[in-house]
Amino acid sequence: VDCVRPFVATRAHADALEFIDLTAADVTAFVLASCPGRAVGSAKLIVCALRSLLRWLHLTGTVPVSLAAAVPSVAGRRLSDLPKGLEPGQLRRLLGGCDRRTPPGRRDYAIMLLLARLGLRAGEVARLSLDDIDWRHGELAILGKGNRAERLPLPADVGAAIAAYLRHGRPATAAGRSVFVRVHAPHRELTTGG
């Protein structure tokens, strides 16, 4: 009701609602005026409610022709708003912010290199196990979305950062085979959020 109230208000004339002269152009004009600047979900809710109202108006005989098809769709493509990658200068500054003289800095540097150079997701990095690294062949086994296993090349700089963390950053008391662990005890595997 709240979504279509503004539309119904446009049809109010002298204490009465007039829908008999409603046209497809009126419907389209309302959507084009109401939806820009709204979140995709909010815009989709408006057009869905408007279609429902127009179907009801036709079924009750208030309008002679169904105008539900005149309501334009909201362009809300699933991947239309992917985040942009960092510029090279931004990435250098981000990596430069990691103090690699400290264990947390070594860990964070290795994680950010994995994210930036290999395009891994946070969950894939968090789940990375010591058994997933094939040092001889320079490969990583990544368990991705849908539990799909992928083998990726391990760039030399990423491998060096991981090795530096494993040698001089990963606590000896770390539990399990996870590569990246929490800084503070108990030293369990790092979560996706972490």
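Overview of the structure. All values reported here derive from a predicted model rather than from experimental measurement.

Taken as a whole, this structure holds 11 salt bridges when the rule is applied. Measuring nitrogen to oxygen at the nearest pair gives 2.7 Å for the salt bridge that ties Asp131 to Arg177. Of the two residues, Asp131 sits in the loop between helix H6 (122-126) and strand E3 (133-134) while Arg177 sits in the segment after helix H7 (156-168), which places them 46 residues apart along the sequence. For Asp131, a relative accessible area of 55% puts it in the exposed group. Note on Arg177: relative accessible area 47%, which makes it partly exposed. Across the salt bridge formed by Asp134 and Arg151, the nearest N and O atoms sit 3.8 Å from each other. Of the two residues, Asp134 sits in strand E3 while Arg151 sits in strand E5 (residues 149-153), which places them 17 residues apart along the sequence. Judged by its relative accessible area of 49%, Arg151 is partly exposed. Counted as one network, the salt bridges with shared partners bring together Arg11, Asp21 and Asp26.

Viewed as axis vectors pointing N to C, helix H5 (residues 103-118) and H7 meet at an angle of 155 degrees, and their least axial separation amounts to 9 Å. In terms of axis orientation, H5 runs roughly antiparallel to H7. Crossing hand, H5 versus H7: left-handed. Of the residues in H7, those in contact with Pro103, Arg106, Arg107, Tyr109, Ala110, Leu113, Leu114 and Arg117 of H5 are Asp157, Val158, Ala161, Ile162, Ala164, Tyr165 and His168. Residue composition of the contact of H5 with H7, grouped by class: 10 nonpolar, 1 polar and 4 charged.

Moving on, we come to helix H3 (residues 40-59). Under the 1.5 Å per step criterion, the end-to-end length of H3 is 29 Å for 20 residues, consistent within 8% with the ideal 28 Å. For H3, the set of buried residues is Ala43, Ile46, Val47, Leu50, Arg51, Leu53, Leu54 and Leu57. End-on, the buried residues of H3 take up no more than an arc of 165 degrees, which puts them together on one face. Exposed and oriented more than 90 degrees from the buried face of H3 are Leu45, Trp56 and Leu59. In this structure, the buried residues of H3 make contact with helix H1 (5-10) and helix H2 (24-34).

Rules of the game
Once a new chain begins, its residue numbering starts again from 1 and follows that chain's sequence as written. In view of the model being predicted, local features appear only for residues whose pLDDT reaches at least 70, and side-chain atom pairs are presented and counted only at 80 or more, with totals across whole chains, interfaces and linings using the full set of residues. To obtain the side-chain values, all non-hydrogen atoms of the structure were used and water was disregarded. Salt bridge, as used here, is a side-chain nitrogen of Lys or Arg placed within 4 Å of a carboxyl oxygen of Asp or Glu. Helix numbers and strand numbers start at the N terminus; a helix is a DSSP run of H or I with at least 4 residues, a strand a run of E with at least 2. The buried label goes to any residue with under 20% of its type's maximum accessible area, the exposed label to any with over 50%, and the partly exposed label to all in between, with areas taken from a 1.4 Å probe on protein chains only. As a rule, the C-alpha atoms of each element are fitted with a line to give its axis, helices using only the stretch in contact, and angles between N-to-C directions run from 0 to 180 degrees. Angles below 35 degrees are treated as roughly parallel, those above 145 as roughly antiparallel, those between 65 and 115 as roughly perpendicular, and all remaining angles as oblique. When the near helix sits turned anticlockwise from the far one by under a right angle, the crossing is termed left-handed; a clockwise turn instead gives a right-handed crossing. When checking whether two residues touch, look at their non-hydrogen atoms; a contact exists if any pair is within 4.5 Å. Note that Gly is not counted as nonpolar here; it falls among the polar residues with everything else outside the nonpolar set of Ala, Val, Leu, Ile, Met, Phe, Trp, Tyr, Cys and Pro and the charged set of Asp, Glu, Lys and Arg. Any helix carries an expected span of 1.5 Å times its number of residues minus one. In this context, the arc is that of the directions from the helix axis out to the C-beta atoms.

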